[in-house]
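Take a look at the letters that make up each chain.
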Amino acid sequence: MKRAISKEFLSEGNAPFSKETTTSVNGLFILVVFFSHIQQYIELPALIHGVTAALGQLMVAMFLFYSGYGVGCSVQKKGMKYVHGMPRRRILQVFLRFVPAVLLYALLDVVCGIPFTGREFILSLIAWENLGNSNWYIFVILGLYLATWLACEICGRFVKESRREMASFLVMCVLSACLFFFLHETKESWWYNIMTAYPFGYFVALTRKRWERILDVRPVWAGTTLVSFVLVLLLRPVSWHASLYLLMTVLYCTCILCLTKKVPVHHPVLYWLGSHLFEIYILMRIPMILLLRVQVDWVQSPLVFTVFSLAATLLLAYGYHRSYEFLASRLAR
């Protein structure tokens, strides 16, 4: 997800929208995702469980927000030339990064004796099913990229240039709503309950000058932070409160923007994690699955299990990233 979120970021240098800040924020939240996922294999301290439980799906909301923002900025600056290249630049690149990871999980399942059907394997390649890997985010981001591309192509043909940006945003929202209702009928709530983060990020990109001024107003960021805090900790909506969760997602993203306006976030470690976001996200379960099958007591210690899983995940992510970049550079020649 590195390319899909941060590579083509077009910022004006201000903290909330700079590449350093956004990539570091992604790095922070991918760590939260790691600790959320590892709790499916071992029991961690109550404090960690409390943090991940309080955030819920919101821990990945900024991934969607920054992705929508990045696409919106690119479309605004490069116009239809960028739109025409979206199937290759966005959709195909996600597939090229995702499919080899699915093959790794298939190999892992075979080695570990975990059964799966041919149908599950085929559907896993498009992220509709999984072989042990995380898949819902990949399917959703691909669907949102497709909705954005279709909306921009339609408006590029039938709408005047002066009205094209906002028209494409509205059409994209309609197509995203169709995806939302489809997933609402076919999948669990975590597939769709934070989807508003992406169109909100796209909208912020189209109106970023105004947002820069808004974020300088103290009552705005203070009030948003307070409201978001109350919603996150007290309301905790579930699937049958989908509309409330969608609203809370927008407030939560605004809250993070407010905080990053006032609090410096950039850090080299977080930046590295954010730069390898896709690889860490998609590969982190491999060490967890393998370590769970090691029948040694000291390995199953929460501390040892966590340290080994994290170290192995980072090594895998680095190797996967370098391999992809090497192959991409060779194919581009």
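On a predicted model such as this, the values are computed, not experimentally measured, just so you know.

Reading guide: rules and limits
Residues numbered from 1 in each chain as written. Predicted model: local features only at pLDDT ≥ 70, side-chain atom pairs only at ≥ 80, totals over all residues. Heavy atoms only, no water. Helix = DSSP H or I, 4+ residues; strand = E, 2+ residues; numbered from the N terminus. Contact = heavy atoms within 4.5 Å. Areas by Shrake-Rupley, 256 points an atom, 1.4 Å probe, with all protein chains shown as cover. Salt bridge = Lys/Arg side-chain N within 4 Å of Asp/Glu carboxyl O. Buried < 20%, exposed > 50% of the residue type's maximum accessible area, 1.4 Å probe, protein only. pLDDT = per-residue confidence, 0-100. Axes fitted to C-alpha atoms, helices over the stretch in contact; angles between N-to-C directions. Parallel < 35°, antiparallel > 145°, perpendicular 65-115°, else oblique. Left-handed = near helix turned anticlockwise from the far one by under 90°. Nonpolar A, V, L, I, M, F, W, Y, C, P; charged D, E, K, R; others polar. Polar contact = N/O pair within 3.5 Å; in protein donor to acceptor, adjacent residues only side chain to side chain. Patch = residues over 30% accessible without salt bridge, like charges linked within 9 Å, V, L, I, M, F, W, Y side chains within 5 Å. Phe/Tyr/Trp six-rings, centres within 6.5 Å; stacked < 30°, edge-to-face > 60°.

All right, on to the overall build of the chain then. Of regular secondary structure, the chain possesses 17 helices and 0 strands. Long-range pairs, those at least 24 residues apart, make up 78% of the contacts in the chain between residues at least 6 apart in sequence. Accessible area for the chain stands at about 15,800 Å²; split by element, carbon and sulfur atoms hold 68% of it.

Looking now at the pattern of salt bridges. Pairing between side chains of opposite charge can happen when their charged atoms approach one another. Scanning the model with the defined rule gives 2 salt bridges in all. With its nearest N and O atoms 2.6 Å apart, the salt bridge here joins arginine 97 to glutamate 279. Taken together, the positions of arginine 97 in helix α6 (residues 86-112) and glutamate 279 in helix α15 (residues 277-283) put the pair 182 residues apart, joining distant regions of the chain. This pair shows no difference in class: arginine 97 is buried, exactly as glutamate 279 is. Residue arginine 97 is joined to glutamate 325 by a salt bridge in which the shortest nitrogen-to-oxygen separation is 3.2 Å. Linking arginine 97 in helix α6 with glutamate 325 in helix α17 (residues 302-332), this pair joins segments that are 228 residues apart in sequence.

Turning our eyes to something else, we now look at the confidence of the model for the chain. Per-residue confidence for the chain gives a mean pLDDT of 87, with 88% of residues at or over 70. Within the model, pLDDT remains below 50 along residues 1-13, and this stretch shows 50 contacts once partners closer than five positions in the same chain are excluded.

In a packed pair of helices, the relevant descriptors are the angle between the two axes and the axis-to-axis distance. Helix α10 (residues 197-206) packs onto helix α4 (residues 61-78) with a crossing angle of 40° between their chain directions and a minimal axis gap of 6 Å. Classified by the interaxial angle, the pair formed by α4 and α10 is oblique. The chirality of how α4 crosses α10 is right-handed. Taking contact as the criterion, the partners of Ala61, Leu64, Phe65, Ser67, Gly68, Tyr69, Val71, Gly72, Cys73, Val75 and Gln76 in α4 are, on α10, Ala197, Tyr198, Phe200, Gly201, Tyr202, Val204, Ala205 and Leu206. Within the contact of α4 with α10, the residues separate by chemical class into 14 nonpolar, 5 polar and no charged.

Here we come to the side chain of serine 24. Note that serine 24 resides in helix α2 (residues 19-38). The class for serine 24 is buried, based on a relative accessible area of 0%. Here the side chain of serine 24 touches histidine 266 through a polar contact of 3.3 Å, side chain to side chain. If sequence neighbours within four positions are ignored, serine 24 has contacts with Val265, His266, His267, Leu270 and Tyr271.

So, about the environment of threonine 313. Positionally, threonine 313 belongs in helix α17. Residue class for threonine 313 comes out buried when judged on its relative accessible area of 0%. Taking the C-alpha atoms as reference points, threonine 313 and isoleucine 286, separated by 27 residues in sequence, lie 7.8 Å from one another.

Our next topic: a nonpolar patch on the surface. Judged by side-chain polarity, Val294, Val296, Trp298, Leu303, Val307 and Phe308 come together as a nonpolar surface patch covering roughly 550 Å² of accessible area. Counting through the fold element by element, valine 296 comes out in the loop between α16 (285-292) and α17.

Below, the discussion takes up the packing of aromatic side chains. Scanning all chains against the criterion turns up 20 aromatic pairs. The interplanar angle of 85° and the centroid separation of 5.4 Å between the aromatic rings of phenylalanine 34 and phenylalanine 35 together place this pair among those described as edge-to-face. On the accessibility criterion, phenylalanine 35 (25% relative accessible area) is partly exposed. When the centroid spacing of 5.2 Å and the interplanar angle of 80° are considered together, the rings of phenylalanine 180 and phenylalanine 181 count as edge-to-face. Residue class for phenylalanine 180 comes out buried when judged on its relative accessible area of 11%. Three or more aromatic residues joined by ring pairs form one cluster here, namely Phe63, Trp136, Tyr137 and Tyr281.

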